[in-house]
Amino acid sequence: MPPLPKTKTLLSYSDWNECVGPYCFNPKNAGKRVRLAIDPLVLQRAAAEGARHHHFATPKLAADDFRVAVTTHIDQVGWDIGSTSRG
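Values in this document were obtained by computation on a predicted structure and should not be read as measured data.

Trainee: Is there a simple way to explain the nonpolar core in this structure?
Mentor: Nonpolar side chains tend toward joint burial in soluble globular proteins. In terms of nonpolar packing, the biggest core is built from 11 residues, these being Leu11, Trp16, Cys19, Val20, Leu43, Ala46, Ala47, Phe56, Ala62, Ala63 and Ala69. Of all elements in the fold, only helix H1 (13-24), helix H2 (40-49) and helix H3 (59-77) reach the threshold of two or more residues within this core. Beyond its immediate sequence surroundings of up to four residues, leucine 11 is in contact with Trp16, Cys19, Ala47, Arg52, His54, Phe56, Asp65 and Ala69.

Trainee: Is there a simple way to explain the pattern of salt bridges in this structure?
Mentor: Close approach of charged atoms allows side chains of opposite charge to pair. Throughout the structure, instances matching the rule amount to 3 salt bridges. The partner of arginine 52 in a salt bridge is aspartate 15, with the nearest N and O atoms 2.6 Å apart. Separated by 37 residues along the polypeptide, arginine 52 in the loop between H2 and H3 and aspartate 15 in helix H1 bring together distant segments of the chain. For arginine 52, a relative accessible area of 48% puts it in the partly exposed group. Across the pair aspartate 64 and lysine 60 runs a salt bridge whose closest N-O atoms are separated by 2.6 Å. Placement of both aspartate 64 and lysine 60 in helix H3 is noted, with a separation of 4 residues, approximately one turn of the helix. Through salt bridges with shared partners, a single network forms among Lys60, Asp64 and Arg67.

Rules behind the numbers
Residues numbered from 1 in each chain as written. Predicted model: local features only at pLDDT ≥ 70, side-chain atom pairs only at ≥ 80, totals over all residues. Heavy atoms only, no water. Core = buried A, V, L, I, M, F, W, Y, C linked by side-chain atoms within 4.5 Å. Buried < 20%, exposed > 50% of the residue type's maximum accessible area, 1.4 Å probe, protein only. Helix = DSSP H or I, 4+ residues; strand = E, 2+ residues; numbered from the N terminus. Contact = heavy atoms within 4.5 Å. Salt bridge = Lys/Arg side-chain N within 4 Å of Asp/Glu carboxyl O.

See below:
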């Protein structure tokens, strides 16, 4: 995959967390380890149902925005074996 341009995202890293968490996790999984695998359509739906109710025109646009938000966050705070090291 080619490097991503460092551009401003429509949703921030925190916005994406607020969208994806409630969309993907539910009370029946409380206290359990959950492995998260998410596709572009789920990202598009999660963004639409999230607090900002952002409607991406296509799943690809949602996935691109998510990817840039996450990689930018990791570039800023680092990454340490599956979790951010400072955030």
